[in-house]
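# Topology and contacts: notes
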Amino acid sequence: MFFNDRHEKQVDTQKIELDNEQIPKHIAIIMDGNGRWAKKQNLPRVSGHQRGMEVVKDITKAASDLGVKVLTLYAFSTENWKRPDTEVGFLMKLPGKFFDTFVPDLIANNIRVNVIGYIDQLPMHTQKAVHNAIAKTANNTGMVLNFALNYGGRSEIVSSMQQIAQRVATGEIKPENIDEQLVDQTMMTASLDYPDPDLLIRTSGEERLSNFLLWQVAYAEFVFVDEHWPEFTPAVLKQTIMTYQARHRRFGGLAENKSDKKQEIKK
């Protein structure tokens, strides 16, 4: 037993029974705590990132098995370039190592790779690994494993505004025609069938968005867990989904009373 969310009660993971009809279509995860986990183990930070890569494989398979349609993982932010060069260099090599070993499993599990972020700013070997994985899994029709790589939410919004401003400048659209749907179409997630996360999870006890999917998470449910990412397991994933399923998503409206709805149906 463990605390999945410090504001919610303790639950025995062995008794988790999820409602298969209420599985979140899109789950986004801020994978935090690799370095802190490594420090606890008296290991170098890169060992935490190495272990975190293995956890990505486990959680990807678990999410796909549960029926999740899109799993977005915050792999590297536009701010992460500020880290030591040795750590950044190691992180840039991880996609190659990850996809070299995991693409066959992705194909076997019908999982398609997608990447959002400023990929053209990454080292060429990282770009090559990313594009190869996208190409090799392009025909898969199951869950989308969507990596946010060299991604920043504010930069994404700025890029969106620049695209729209260009279209206004050329007379293609008028300012009064700009609406939420148009902004959605210019976001990096526009190609996804489910661009907006239903559930956002952050590991390692931190409770902030860290510039992640700022536009898309407007109505997402947030669950913060104390486990560092290398400690995150399929059981913890199921617990976060159980927490999600226990909440009432109103989207600015009123909560629907199920008993009242049944009465209306009878009438």
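Note that the coordinates shown come from a computational prediction; the quantities given were computed from them, not determined experimentally. (Residues numbered from 1 in each chain as written. Predicted model: local features only at pLDDT ≥ 70, side-chain atom pairs only at ≥ 80, totals over all residues. Heavy atoms only, no water.)

### Describing the environment of Pro 123
- Checked against the element boundaries, Pro 123 lands in the loop between strand S3 (112–116) and helix H4 (124–136).
- Every residue in contact with Pro 123, bar those within four places of it in the chain, is listed here: Trp 81 and Met 92. (Helix = DSSP H or I, 4+ residues; strand = E, 2+ residues; numbered from the N terminus. Contact = heavy atoms within 4.5 Å.)

### Digging into the sheet that holds strand S4 (residues 144–151)
- If you trace the six strands from one edge of the open sheet to the other, you get S3-S4-S2-S1-S5-S6, paired in parallel fashion. Looking at strand neighbours, the two that pair on one side only are S3 and strand S6 (221–224), the edges of this open sheet. Mean inter-strand twist for the sheet, computed between neighbouring axes without regard to direction, equals 20°.
- Pairing of strand S2 (residues 70–77) with S4, which is carried by seven bridges, proceeds in the parallel orientation. Considered in S4, the bridge of Phe 76 is made with Leu 149. (Pairing = 2+ DSSP bridges. Axes fitted to C-alpha atoms, helices over the stretch in contact; angles between N-to-C directions.)

### Let's talk about the UniProt feature "binding site: Mg(2+)" (unreviewed entry) in the protein chain
- The positions that UniProt labels "binding site: Mg(2+)" (unreviewed entry) are, in the present scheme, Asp 32 and Glu 221.
- Tracing the backbone through its elements, the reader meets Asp 32 in the loop between strand S1 (26–30) and helix H1 (34–40).
- Within the structure, Asp 32 has its side chain in polar contact with the side chain of Arg 202 (distance 3.0 Å).
- Relative to the elements of secondary structure, Glu 221 occurs in strand S6.
- In contact with Glu 221, other than residues within four places in its own chain, are Asp 198, Leu 199, Leu 200, Tyr 244, Arg 247 and Arg 249. (UniProt positions renumbered as here; feature names shortened; annotations may be inferred. Polar contact = N/O pair within 3.5 Å; in protein donor to acceptor, adjacent residues only side chain to side chain.)

### Quick notes on the nonpolar core
- Formed by 46 residues in total, the largest nonpolar core has its most connected members in Ile 27, Ile 29, Leu 71, Phe 232 and Leu 237.
- Beyond its immediate sequence surroundings of up to four residues, Ile 27 is in contact with Val 68, Val 70, Leu 71, Thr 72, Leu 199, Ile 201, Leu 237 and Ile 241.
- Counting 11 residues, the second largest nonpolar core, distinct from the first, contains Ile 30, Ile 116, Tyr 151 and Phe 212. (Core = buried A, V, L, I, M, F, W, Y, C linked by side-chain atoms within 4.5 Å. Buried < 20%, exposed > 50% of the residue type's maximum accessible area, 1.4 Å probe, protein only.)

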